[in-house]
Amino acid sequence: MAKDKEDKGQTRDTILQQARALFAAKGYAGTGMEEIARATGITKSSIYYFFKSKKEILVSMINQFVHELTEFQQESRNCSREVPCAGSFNTLMMELLQFLETKKDILKIIIMESLIGKESMLINLCAGKMLEGEMALNRQCCGENYSSKLDDVKVEEFFMNYLPLMGYIVFKESFGEYNNMAEDDVQEKFINSFRRYK
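All residue numbers refer to position in the chain's written sequence, counted from 1. Totals for whole chains, interfaces and linings use every residue, but because this is a predicted model, local features are given only for residues with pLDDT of at least 70 and side-chain atom pairs only at 80 or more, for both listing and counting. No hydrogens and no water enter the side-chain calculation; it runs on all heavy atoms of the structure.

Enquirer: I would appreciate a short explanation of the packing of helix α6 (residues 104-116) against helix α8 (residues 150-178) in the present structure.
Expert: A pair of packed helices can be characterised by two numbers: the angle between their axes and the separation between those axes. Where α6 contacts α8, the two axes come as close as 9 Å, and the packing angle between them is 105 degrees. Classified by the angle their axes make, α6 and α8 are roughly perpendicular. The segment α6 lies against α8, with Lys104, Leu107, Lys108, Ile110 and Ile111 engaging Met166, Gly167, Ile169, Val170 and Glu173. Note on residue classes: Ala, Val, Leu, Ile, Met, Phe, Trp, Tyr, Cys and Pro are nonpolar, Asp, Glu, Lys and Arg are charged, and everything else, Gly too, is polar. For the contact of α6 with α8, the residue count by class is 6 nonpolar, 1 polar and 3 charged. Interaxial angle, 0 to 180 degrees, is taken between N-to-C directions of lines fitted to C-alpha atoms, where a helix line uses only the stretch in contact. To qualify as a helix, a DSSP run of H or I must reach at least 4 residues; to qualify as a strand, a run of E must reach at least 2; elements of each kind are numbered from the N terminus. An angle counts as roughly parallel when it lies under 35 degrees, as roughly antiparallel when it exceeds 145, as roughly perpendicular when it falls between 65 and 115, and as oblique in every other case. By definition in these notes, contact holds between two residues if any of their heavy atoms fall within 4.5 Å.

What follows is the structure in structure tokens.
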């Protein structure tokens, strides 16, 4: 019984992994359920056992990403409290960028599909869920005063935090190539710029 449950969990994860790769390469609209099934090595009807629709696959990806990001933020916040130091901003930023690099496909999907407009809710859904996690963490630190500034925080986090970070991860390589800059230089300049505006 436990083995069946584990196998089902692995199959679900494989479906999400293959769909993420296809959505990132071909776009959400350009990828069909049949293609996801083929890439996963199962039948199309088997996918419907796990997900009611392609949109549910997409929303599950977003939820998984936000969950992993929230866990990362919680861990980072706990570590930075234990070891405060002058270089901690750069260290935390490097760790965050390394984490986001492993999520490049989902960030590409979020940006691409939001710009196309067919799934424009994606970036808002993602940002909303990210904000929920961020606000919960900040309430622990700042108490009730934090809630009174909620709209200010939403605007600042969305436009000054999430969008620049997503854009950096998705476009840094092409930006570096176009401007003849090494990846390390682009990263250093991004972190310095990000620090100035935070």
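Once the structure has been displayed, the description carries forward.
Enquirer: Teacher, can you tell me more about the confidence of the model for the chain here?
Expert: Regions with low pLDDT carry predicted coordinates that are not meant to be interpreted in detail. A score from 0 to 100, pLDDT tells how confident the predictor is in each residue. Scored by pLDDT, the chain has a mean of 83; 78% of the residues are at 70 or more. For the chain, helix α7 (residues 121-142) is the element with the lowest average pLDDT, namely 64, and helix α2 (residues 33-40) is the one with the highest, namely 96.

Enquirer: I keep staring at the packing of helix α5 (residues 88-101) against helix α9 (residues 183-197) and nothing clicks. Help me out?
Expert: It is the contact of α5 with α9, at a shortest axis distance of 11 Å, that shows an interaxial angle of 120 degrees. Considering their axes alone, α5 and α9 lie oblique with respect to each other. Remark: the crossing between α5 and α9 carries right-handed chirality. Two secondary-structure elements touch here, α5 through Phe89, Asn90, Met93, Met94 and Leu97 and α9 through Gln187, Phe190, Ile191, Phe194 and Arg195. Residue composition of the contact of α5 with α9, grouped by class: 7 nonpolar, 2 polar and 1 charged. Left-handed describes a crossing whose near helix is turned anticlockwise from the far helix by less than a right angle; the clockwise case is right-handed.

Enquirer: Where do I start with the pattern of salt bridges in this structure?
Expert: Opposite charge on two side chains allows them to pair when their charged atoms are near. Should a side-chain nitrogen of Lys or Arg be within 4 Å of a carboxyl oxygen of Asp or Glu, the pair is scored as a salt bridge. Considering all chains together, one arrives at 5 salt bridges under this definition. In this structure, lysine 26 and glutamate 35 form a salt bridge, with 2.5 Å as the shortest nitrogen-oxygen distance. Summary of the burial criterion: residues with accessible area below 20% of their type's maximum are buried, those above 50% are exposed, and those between are partly exposed, where the area comes from a 1.4 Å probe applied to protein chains only. The class for lysine 26 is partly exposed, based on a relative accessible area of 44%. For glutamate 35, a relative accessible area of 19% gives the class buried. Residues lysine 104 and glutamate 173 are paired through a salt bridge, measuring 3.2 Å at the closest nitrogen-oxygen approach. Residue lysine 104 is located in helix α6, and its partner glutamate 173 is located in helix α8; the two are separated by 69 residues in the primary sequence. Salt bridges sharing common partners tie together Glu101, Lys172 and Glu183.

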